[in-house]
Amino acid sequence: MMQSVRCYGGFFACSARWRLTNAHCRCSWRKFTSEENSQRDLSCMLRTVLSRFNRDLFAFGKNQTRTFISSNQTERKLIMSALEKFSPPVNKHMRVLDRAFFKKDVSLLVASFPNPKYLGDFVKSCKDDFLLVPGIKHIVTVNGTKGVLLRADIDDMQTYKDRLSPIALEKVKQLGIEILPYTLNLDYSYWKADDILRAVLPENLTSEIPSGFAQAGHIAHLNLRKEFKEYGELIGQVILDKNSKIETVVDKLDSIDTKFRTFKMKVLAGKNDFVVEQSESGCRFRFDFSSVYWNLRLSTEHDRLISQFNPGEVVGDVFAGVGPFAVPAGRMNALVLANDLNPESYKYLQENIKLNNVQDFVKPFNLDGREFIRSSPLRILEWANSQGKIEKQKTVKRRRVDEQTKQPTTIKTVELINIEVPRYISNYVMNLPDSALTFLDEFIGLYTRDESVEKIARGDPQFRLPTINVHCFEKFSSDEPEPSMQELYRRVHSRITKIIDFPAPFDDFHFHLVRKVAPTKPMFCVTFQLPREVAFRKK
């Protein structure tokens, strides 16, 4: 029966349950048949299996997990014995992190070189004989000279000659190499977060170690399941220790508030400082993580949608937050009306507009989403009438060849470009997936609420109806057969046409799966052009 051994960058853990890893990366160990075993003695088999294990482990790298599949019981015992050497000590009763507990002395052998100049030749010729474990230097200082640590299974002065390869034995004799005992001292700093947590958490919780997190600036954000809550401080401290860029670890305590999209959190470890700086889409953002909405998992969606905006067009960002859509759009010379109801989001939206020098392109508002939608056509018209155009300096670099020196040079020139402020909005963004659809009825009669707006919309030959980009969830029951994407699309389409009270054709809508928040809770971005019958309907 096939079984697997889990191997980690810093430490190597063997689960009694022989579980597969999330990485689903497999390296098949070659099976030794009865015929092959009869042609090899045990020491040769040891060299083959452990050297291959040694080599593959080194190649795989420090920070990933690999599953090794073995169908031979002897191979498994050999691998497990090597793994056990580098595993951390275990204390399943630890509730407060004790770093001093994690110390281990590993007994190895070292090939000591009286003349270190031959060391390189040995390493090159005997790759299967020396230790290659991520995080451990195989070249060490011993008795005032240099030495090479031998493989984990070559640890006995009485039997090392049976386990070294013939070429290594020849080199030992030829170069006068001395084989000596060596003690490798491992401490808390050696093992990774997964390794430490697996050593201290109850066995029934080690199948999914909660060492992963979302990061915003210096904050690591966890969402611990109920069974891990009582170990929160322990988990937080380990994550803090093992991630140099993290200064605060927090755990989400409740669901997202529907009004401001914030949630209560608990500091598990580190400093009580929630003001962070985050880079995304080529921009810098500063905000208080505890009082505004920010989701790192949406960075790809931010970039996807921003790429659809054109310079010189106007974007109406109904639920702008601290500006992940609005600020990058402004950087690419799109004009943005950016709105958020949360006063804290509005404060940091203003700050991020200044931080990224897009004051001329992004106008912030602190309004209810419905009020913002209703007033947005008049607001962009007032902006166009009051300013007309935006002047922007652009630095242009040109390479030329100097006529005298014949050397290439770079010449910088500053050009002044004028961007006309349009009188209508081209795109609306509605990134409030829990309730954004319910705001769509505000687009009914969008251009008939103000006479000046309606006159421009009906009379300007350049006028185009806006594109709506609305995010939403489409939950389904876990008790029902999982619906196809087409079925989910049609459910969303039905909801939208009902809200805007117009039978817009299904084929006029584009659906994009943003992510699955849960197995039965997909998040979509639905894009469609506002129907003329809806936009100009008289209320």
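Shown above is the structure to which this text applies.
Residues numbered from 1 in each chain as written. Predicted model: local features only at pLDDT ≥ 70, side-chain atom pairs only at ≥ 80, totals over all residues. Heavy atoms only, no water.

1. Details of the overall build of the protein
Helix and strand counts for the protein stand at 15 helices and 22 strands. In the protein, buried positions account for 51% of the 539 residues. Sequence separation of 24 or more characterises 69% of the internal contacts of the protein that already satisfy a separation of 6 or more. As displayed, the protein has an accessible area near 26,900 Å², and 48% of this comes from carbon and sulfur atoms. (Helix = DSSP H or I, 4+ residues; strand = E, 2+ residues; numbered from the N terminus. Buried < 20%, exposed > 50% of the residue type's maximum accessible area, 1.4 Å probe, protein only. Contact = heavy atoms within 4.5 Å. Areas by Shrake-Rupley, 256 points an atom, 1.4 Å probe, with all protein chains shown as cover.)

2. Quick word on the sheet that holds strand 8 (residues 214-216)
Strand pairing in a sheet is mediated by backbone hydrogen bonds. Such pairs are either parallel or antiparallel. One open sheet accounts for four strands, arranged 8-9-10-11; its pairing is mixed. The open sheet is flanked by strand 8 and strand 11 (265-270), the only strands paired with a single partner. In this sheet, neighbouring strand axes are inclined to one another by 30° on average, regardless of whether the strands run parallel or antiparallel. Alignment of strand 10 (residues 248-252) against strand 11, held across five bridges, turns out to be antiparallel. Looking at strand 11, one finds that Lys252 is bridged to Met265. Its contacts with the sheet put helix 8 (residues 232-242) on strand 9 (219-222), strand 10 and strand 11, and the angle it makes with strand 11 is roughly 50°. (Pairing = 2+ DSSP bridges. Axes fitted to C-alpha atoms, helices over the stretch in contact; angles between N-to-C directions.)

3. Here we look at unusual backbone geometry
Non-glycine residue Asn143 carries a positive phi angle of around 55°. As for its position among the elements, Asn143 is in the loop between strand 5 (139-142) and strand 6 (145-149). Taking the relative accessible area as the measure of exposure, Asn143 reaches 68% and is therefore exposed. Here Asp501, not a glycine, exhibits a phi torsion of approximately 55°, which is positive. Among the structural elements, Asp501 can be located in the loop between helix 14 (485-500) and strand 21 (510-518). A residue is classified by how much of its surface remains accessible, and Asp501, at 52% relative accessible area, is exposed.

4. Points about the side chain of Ser345
Within the element layout of this structure, Ser345 appears in helix 11 (residues 343-355). We classify Ser345 as buried; its relative accessible area is 2%. Among all residues touching Ser345, those that are not within four sequence positions of it are Val292, Tyr293, Gly321, Val322 and Asp340.

5. Remarks on empty space enclosed by the protein
One pass over the structure, following the stated rule, counts three cavities of 30 Å³ or more. Taken as a whole, the largest cavity encloses approximately 90 Å³ of empty space. In this structure, the largest cavity is lined by 13 residues; those nearest its centre are Tyr293, His302, Ala320, Pro324 and Asn431. Its residues assigned to classes, the lining of the largest cavity shows eight nonpolar, four polar and one charged. Volume-wise, the second largest cavity comes out at about 60 Å³. Lining the second largest cavity are Pro377, Leu381, Arg423, Tyr424, Tyr447, Val453, Ile456, Ala457 and Phe463. Residue assignment for the lining of the second largest cavity shows that the elements contributing at least two residues are helix 12 (369-387) and helix 13 (451-459). Ranked by residue count, the leading element in the lining of the second largest cavity is helix 13, at three residues. In terms of residue class, the lining of the second largest cavity is made up of eight nonpolar, no polar and one charged. (1 Å grid on protein atoms, 1.4 Å probe; cavity = no way out; pocket = protein on both sides within 12 Å on 5 of 7 lines; lining within 4 Å. Points joined across faces, edges and corners; volume = space filled by probe spheres on them. Nonpolar A, V, L, I, M, F, W, Y, C, P; charged D, E, K, R; others polar.)

6. Details of helix 14
Each α-helix winds once per 3.6 residues, and so residues spaced three or four apart point in a common direction. In this model, helix 14 (16 residues) spans 23 Å end to end at C-alpha, consistent with the 22 Å of a helix rising 1.5 Å per residue. Within helix 14, the full set of buried residues consists of Leu488, Tyr489, Val492, His493, Ile496, Thr497 and Ile500. Considered in projection along helix 14, the buried side chains sweep an arc of 165° and stay on one side of the axis. Packed against the buried residues of helix 14 are strand 20 (467-473), strand 21, strand 22 (521-529) and helix 15 (532-535). Of the residues trailing helix 14, Asp501 is marked for its positive phi of about 55°. (Expected span 1.5 Å × (residues − 1). Arc of directions from axis to C-beta.)

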